[in-house]
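# Architecture and fold: a report
Each chain, letter by letter, is given below.
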Amino acid sequence: MIEQIMRGYQEADTEKCVSILRYFNPVGAHPSGRIGESPNSIPNNLMPFVQQVAVGRRECLSVFGNDYNTPDGAGVRDYIHVDDLAEGHICALKKILSMEGGCITHNLGSGHGFSVLDMVKAFEEASGKPIPYKMGDRRPGDLATVIANAAKAKADFGWETKRGLEEMCKSAWNWQSKNPYGYEDAPKD
């Protein structure tokens, strides 16, 4: 719906430029460990749950589905480092600043998928902490695999991901280990 609103806005004023960016599972944190994801309530994506298990805020992770047609039976998703996502925003902004009107849409993702269990293993390696999990039933509507096709972003403004799974997990752990309760316990400078 938001995309339709943005397209309608641009169609109503054809001199305006609009960039629609579709994200695929941002993960990670700033290398300093001072900026990271800090959900205010129950997280709505995988990695904050994994991180909270690693710091002891949650007992275990629930994995929804182990019977998908994937290598390990768990759902596979495309994950992107938050710094790659930020760079994608900069590229998109440069692109629309060079335009004289129009609306562009791009997927920002890696084009590669990792299963929930791949993510757990990678985070265990990055943190040195075990991530206990329990298998549950599939959630209604979940697909086995969701992976971005970011070819248009590469073609239109030369953007592609530079950081991999190891860097995503290391930076996320750097943030979470320094801020086990998120910004609530952040040091004051």
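Only a predicted model underlies this, so the values are computations on that prediction, with no experimental measurement involved.

Next up on the list: the UniProt feature "domain: NAD(P)-binding" (unreviewed entry) in the chain. Under the UniProt annotation, "domain: NAD(P)-binding" (unreviewed entry) lies at residues 3–170. The annotated region residues 3–170 carries 36% helix and 20% strand content, and the separation between its end C-alpha atoms amounts to 33 Å.

What follows deals with the pairing of strand E3 (residues 61–64). What you see with E3 is a clean split: Leu61 and Val63 sit on the buried side and Ser62 and Phe64 on the side with no burial. Pairing analysis gives four bridges linking E3 to strand E8 (residues 133–136), with the strands arranged parallel. Counterpart to Phe64 in the pairing with E8 is Gly136.

Attention now goes to the sheet that holds strand E7 (residues 113–115). Here we have three strands laid out as an open sheet, ordered E7-E4-E9, and mixed in their pairing. With partners counted over all chains shown, the strands left at the sheet margins are E7 and strand E9 (145–146), one partner each. Across two bridges, strand E4 (residues 76–78) lies against E9 in parallel orientation. Among the inter-strand pairings, Arg77 is bridged to a residue of E9, identified as Val146.

Time to look at the packing of helix H2 (residues 46–54) against helix H4 (residues 116–127). Helix-helix packing: each pair is described by the crossing angle between the helix axes and the interaxial distance. Across the interface, H2 lies against H4 with an axial gap of 11 Å and an inter-helix angle of 40°. Taken together, the axis directions place H2 and H4 in an arrangement best described as oblique. For the crossing formed where H2 meets H4, the hand is right-handed. Between H2 and H4, the residues in contact are Leu46, Met47, Val50, Gln51 and Ala54 and Val116, Met119, Val120 and Phe123, respectively. Of the residues assigned to the contact of H2 with H4, the class counts are eight nonpolar, one polar and no charged.

The rules we used
- Residues numbered from 1 in each chain as written.
- Predicted model: local features only at pLDDT ≥ 70, side-chain atom pairs only at ≥ 80, totals over all residues.
- Heavy atoms only, no water.
- UniProt positions renumbered as here; feature names shortened; annotations may be inferred.
- Helix = DSSP H or I, 4+ residues; strand = E, 2+ residues; numbered from the N terminus.
- Buried < 20%, exposed > 50% of the residue type's maximum accessible area, 1.4 Å probe, protein only.
- Pairing = 2+ DSSP bridges.
- Axes fitted to C-alpha atoms, helices over the stretch in contact; angles between N-to-C directions.
- Parallel < 35°, antiparallel > 145°, perpendicular 65-115°, else oblique.
- Left-handed = near helix turned anticlockwise from the far one by under 90°.
- Contact = heavy atoms within 4.5 Å.
- Nonpolar A, V, L, I, M, F, W, Y, C, P; charged D, E, K, R; others polar.

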